[in-house]
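# Summary of the model geometry
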Amino acid sequence: MTNDSNSNSNSDGNKSDSDNSDITVVHVMRHGEVANPDGILYGRLAGYHLSELGRQMADRVAEHLASRDVAYVCASPLERAQESATPIAKAHGLDLATDGRLIEADNVFQGKTFGVGDGALKKPENWKHLVNPFKPSWGEPYVDQVVRMMGALDSAKDQARGREAVLVSHQLPIWIVRSYVEKRRLWHDPRKRQCTLASLTSFTYQGDRVVSVGYSEPAIDLVPAHLRAGAKPVKGKDKAFGA
């Protein structure tokens with residue numbers, strides 16, 4: 001398996017002239033920025049929608065994919081994913097499908113603040129949830145995320161066989177399934193995830209086998225610096241919690 005995560009002409013799943021009908025590309029988009037002024041880790045909570053900037057990000061990704069041979073668009077049931085996927089489906093004249101397997105990872109800190117120097121981590125009653133980062137003990141096991149996300153990817157590949165599909169999901173499940181495919185350990189430093197808002201992680205299948213993974217950021221100029229991959233958290237800044 002090859003990894004096309006570096007910036008090049010194939011980084012977001014472009015096909016070469018030598019490709020044939022056995023090649024299918026499944027792009028997995030992380031949704032755009034969410035309106036979350038209180039800094040809540042919103043997780044699977046309903047009622048969290050894209051901000052105006054997030055809608056601009058969604059439109060940018062739709063423009064980026066407009067010329068692609070997209071045959072299937074599907075999203076997590078959460079509002080922010082549905083809203084991010086809608087412009088893409090519209091651009092290709094497709095109905096938007098929903099797959100619960102694309103949902104955000106479950107998390108015991110859902111609904112709590114999770115800021116820098118304040119919030120849930122300062123409360124001793126929450127420390128019991130932090131004992132095992134390898135599982136992790138605070139939420140949905142990584143292995144369970146792999147199983148459901150691989151199922152969603154395989155279903156999309158079958159729906160768009162020989163063409164391209166777009167799935168819209170959330171940062172942690174996307175990063176976990178990519179780590180699995182690229183044969184990395186699943187436990188990790190969250191600050192080092194390469195999965196920026198409105199990014200595309202693109203899985204290229206040959207037949208039923210993933211042969212490469214690409215990564216691109218069509219809306220990176222719209223992403224605030226403190227929300228980009230590797231950025232240090234800044235106290236008082238809005239964050240994409242539960243993204």
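Structure shown above.
Let us look at the structure shown here. (Residues numbered from 1 in each chain as written. Predicted model: local features only at pLDDT ≥ 70, side-chain atom pairs only at ≥ 80, totals over all residues. Heavy atoms only, no water.)

### What about the overall build of the chain?
In terms of regular secondary structure, the chain is built from four helices and seven strands. Its helices and strands taken in sequence order, the chain reads β-β-α-β-α-β-α-β-α-β-β from the N to the C terminus. Counting across all 243 residues of the chain, residues that qualify as buried make up 50%. Counted over contacts in the chain with a minimum sequence separation of 6, partners at least 24 positions apart contribute 71%. Put simply, the chain shows about 11,300 Å² of open surface, and 49% of that area lies on carbon and sulfur atoms. (Helix = DSSP H or I, 4+ residues; strand = E, 2+ residues; numbered from the N terminus. Buried < 20%, exposed > 50% of the residue type's maximum accessible area, 1.4 Å probe, protein only. Contact = heavy atoms within 4.5 Å. Areas by Shrake-Rupley, 256 points an atom, 1.4 Å probe, with all protein chains shown as cover.)

### Considering helix α3 (residues 142–159)
Taking 1.5 Å per residue, 18 residues should reach 26 Å; α3 reaches 26 Å between its end C-alpha atoms and fits that length. For α3, the set of buried residues is Y142, Q145, V146, R148, M149, M150, G151, A152, L153, A156 and K157. Close packing links the buried residues of α3 with β2 (23–30), β3 (70–75), β5 (164–169), α4 (171–181) and β6 (200–206). (Expected span 1.5 Å × (residues − 1).)

### Topic: the environment of T86
Tracing the backbone through its elements, the reader meets T86 in helix α2 (residues 79–91). Sequence-wise, T86 and L96 are 10 residues apart; in three dimensions their C-alpha atoms are separated by 6.7 Å.

### Regarding the nonpolar core
Formed by 27 residues in total, the largest nonpolar core has its most connected members in V26, V28, Y72, L153, L167, F203 and Y205. For this core, the elements supplying multiple residues, two or more each, are β2, β3, α3, β5, α4, β6 and β7 (209–216). Ranked by residue count, the leading element in this core is α3, at seven residues. Those residues in contact with V28 that lie beyond four places of it in its chain are M149, L153, L167, S169, I174, S199, L200, T201 and F203. By size, the runner-up hydrophobic cluster in this structure holds 21 residues, among which are M57, V73, A85 and L227. (Core = buried A, V, L, I, M, F, W, Y, C linked by side-chain atoms within 4.5 Å.)

### So, the environment of P77
By the element assignment, P77 lies in the loop between β3 and α2. Under the relative-accessibility criterion, P77 is labelled partly exposed at 40%. When residues no more than four places from it in sequence are discounted, the contact partners of P77 are Q82, T98, D99, G100 and I103.

### Considerations on α4
The buried fraction of α4 amounts to 10 of the 11 residues, a majority that puts the element mostly inside the structure. Looking one or two residues past α4, K183 carries a phi angle of roughly 60°, positive in sign.

### Describing the packing of aromatic side chains
Under the defined criterion, the tally for this structure stands at one aromatic pair. Seen from the ring of W187, R185 lies directly overhead, with NZ or CZ sitting 3.8 Å from the centre. (Phe/Tyr/Trp six-rings, centres within 6.5 Å; stacked < 30°, edge-to-face > 60°. Lys NZ or Arg CZ within 6 Å of the ring centre and 35° of its normal.)

### Overview of the pairing of β5
Burial of β5 is extensive: six of the six residues sit out of reach of the surface. The side-chain alternation of β5 yields two buried faces, one formed by E164, V166 and V168 and the other by A165, L167 and S169. Sheet topology places β3 next to β5; five bridges connect them, and they run parallel. Across the sheet, the residue bridging to A75 is V168, located in β5. (Pairing = 2+ DSSP bridges.)

### Quick look at the packing of α3 against α4
The packing of two helices is summarised by the inter-axis angle and the distance between the axes. The geometry of α3 relative to α4 is characterised by a closest axis approach of 9 Å and an angle of 85° between their N-to-C directions. Relative to α4, α3 is oriented roughly perpendicular. Between α3 and α4, the residues in contact are Y142, Q145, V146, R148, M149 and M150 and L172, P173, I174, I176, V177, Y180 and V181, respectively. Residues belonging to the contact of α3 with α4 are distributed by class as follows: 11 nonpolar, one polar and one charged. (Axes fitted to C-alpha atoms, helices over the stretch in contact; angles between N-to-C directions. Parallel < 35°, antiparallel > 145°, perpendicular 65-115°, else oblique. Nonpolar A, V, L, I, M, F, W, Y, C, P; charged D, E, K, R; others polar.)

### What about the pattern of salt bridges?
Under the counting rule described, the total for this entry stands at 14 salt bridges. We note a salt bridge from D208 to R161, for which the minimum N-O separation is 2.7 Å. With D208 in the loop between β6 and β7 and R161 in the loop between α3 and β5, the pair connects residues that are 47 residues apart, well separated along the chain. A residue is classified by how much of its surface remains accessible, and D208, at 53% relative accessible area, is exposed. What you see here is one network of salt bridges that share partners, running through K157, D158, R161 and D208. (Salt bridge = Lys/Arg side-chain N within 4 Å of Asp/Glu carboxyl O.)

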